[in-house]
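Each chain, letter by letter, is given below.
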Amino acid sequence: LAARAWHLAHPALLSAAEAAGFAAGGALLAADAWERAWHPTLRVAFDELARRERSEYETGDRRPSEDDTASAPITGVLRTDASTTPIGAALSLDVREIETPCPRAVSGGVLLTVVGEIARARVTEWRAGRVIHATAQLRRPSRYLDPGVPDQERLLARRGTTLVGTVKSGALVEVVARAGLLAEAAAAIRAFVRRAVTAHVGRWSPRAAAIVSAIVIGDRAGLDNEVERRLQEAGTYHVIAISGGNIAILAGLTLGAFRIAGLLGRSAMLSAIAGLISYGYLVGGG
């Protein structure tokens, strides 16, 4: 219709046809993206495992869990560096394979809680981009149906996470492959920043060190709930997020250094662009 309107030199019809075409395309793309986010292959495999475990419980006269759960060995790529928690460590994993009676490749995100002191001791080994293998107890995210409370399951699904799980010990998590050269280098730089901040800021205030790490490399794992709540209530939570403010400061410092050196020009601009892209890769896509 748009092509016919263009051939007939009918601008109103051409505009309407183009608008309708883009709207239809956007609606189809959004529907497809939501279907892949809400029902990824990992979720389908989990539902099958959960049904099988529930039937086994019922056959054996054992009371099944109120929520669907399934225990399975999984293999996947770490999305971010692991972070310590009061009970162990937290991992964000992009699952690639799940071992069912018929092992198969899957896709989907999982948030894992690894329990115990071993996990806290090994947290530096679990860096973004590395492939790990672990046996986890999987379940769907908790849903809060109170009026005015957002649906956590849907929020996580939009961010690419469809399941949560627990690993009983850090000894059950095995690194089976390292990341690429660039990913390993970026992880090493983030680890250096954390050590430096802990050594020079953490000795005065662990809370201040957590805030500095959040501002510099976007690592908010060390922030306690009280700090996050107070920042949100004050309307300043964006300060600890990697956003336009960080980019503006870095760009200003970079170009200021080139100006002082008397090297402003195309080379300085390209160098600043390369530096900003490198920083974006360092702190992660989020």
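Up top you'll find the structure we're talking about.
Quantities reported herein were computed from a predicted structural model and do not represent experimental measurements.

Caption draft 1: Here's a closer look at the overall build of the chain. Counting secondary structure elements, the chain contains 10 helices and seven strands. In terms of its C-alpha atoms, the chain occupies a principal-axis envelope of roughly 75 × 70 × 40 Å. Evaluated residue by residue, the chain yields a buried proportion of 31% over its 286 residues. Of the contacts formed within the chain by residues at least 6 apart in sequence, a portion of 65% connects residues at least 24 apart. Of the roughly 17,400 Å² of accessible surface on the chain, a fraction of 60% belongs to carbon and sulfur atoms. Across the chain, the centroid of the 33 positively charged side chains sits 8 Å from that of the 28 negatively charged ones.

Caption draft 2: Spatial organisation of a nonpolar patch on the surface. Residues I215, V216 and V239 make up a contiguous nonpolar surface patch of roughly 190 Å² in combined accessible area. Position of V216 relative to the elements: it lies in helix 7 (residues 206-217).

Caption draft 3: Spotlight on helix 8 (residues 225-234). Restricting attention to buried positions, one finds in helix 8 the residues V227, E228 and L231. With its buried residues spanning 95° around the axis, helix 8 presents them on a single face. The outward face of helix 8, more than 90 degrees from its buried face, is lined by the exposed residues N225 and E233. In this structure, the buried residues of helix 8 make contact with helix 7. Of the residues trailing helix 8, G235 is marked for its positive phi of about 75°.

Caption draft 4: Broad picture of the side chain of R190. By secondary structure assignment, the location of R190 is in helix 6 (residues 181-200). Discounting residues that sit within four places of it in the chain, R190 has contacts with D81, A128, I217, Y281 and L282.

Caption draft 5: Representation of the packing of helix 9 (residues 244-261) against helix 10 (residues 266-283) within the structure. Two numbers describe how helix 9 lies on helix 10: the axes approach to 10 Å, and their chain directions differ by 145°. With respect to the hand of their crossing, helix 9 and helix 10 are arranged in right-handed fashion. For the pair helix 9 and helix 10, the contacting residues are N246, I247, L250, A251, T254, L255 and F258 in the first and A268, M269, S271, A272, L276 and Y279 in the second. Tallied by class, residues from the contact of helix 9 with helix 10 come to 10 nonpolar, three polar and no charged.

Parameters at a glance
Residues numbered from 1 in each chain as written. Predicted model: local features only at pLDDT ≥ 70, side-chain atom pairs only at ≥ 80, totals over all residues. Heavy atoms only, no water. Helix = DSSP H or I, 4+ residues; strand = E, 2+ residues; numbered from the N terminus. Buried < 20%, exposed > 50% of the residue type's maximum accessible area, 1.4 Å probe, protein only. Contact = heavy atoms within 4.5 Å. Areas by Shrake-Rupley, 256 points an atom, 1.4 Å probe, with all protein chains shown as cover. Lys, Arg positive; Asp, Glu negative; His and termini not counted. Charge placed at Lys NZ, Arg CZ, Asp CG, Glu CD. Patch = residues over 30% accessible without salt bridge, like charges linked within 9 Å, V, L, I, M, F, W, Y side chains within 5 Å. Salt bridge = Lys/Arg side-chain N within 4 Å of Asp/Glu carboxyl O. Arc of directions from axis to C-beta. Axes fitted to C-alpha atoms, helices over the stretch in contact; angles between N-to-C directions. Left-handed = near helix turned anticlockwise from the far one by under 90°. Nonpolar A, V, L, I, M, F, W, Y, C, P; charged D, E, K, R; others polar.

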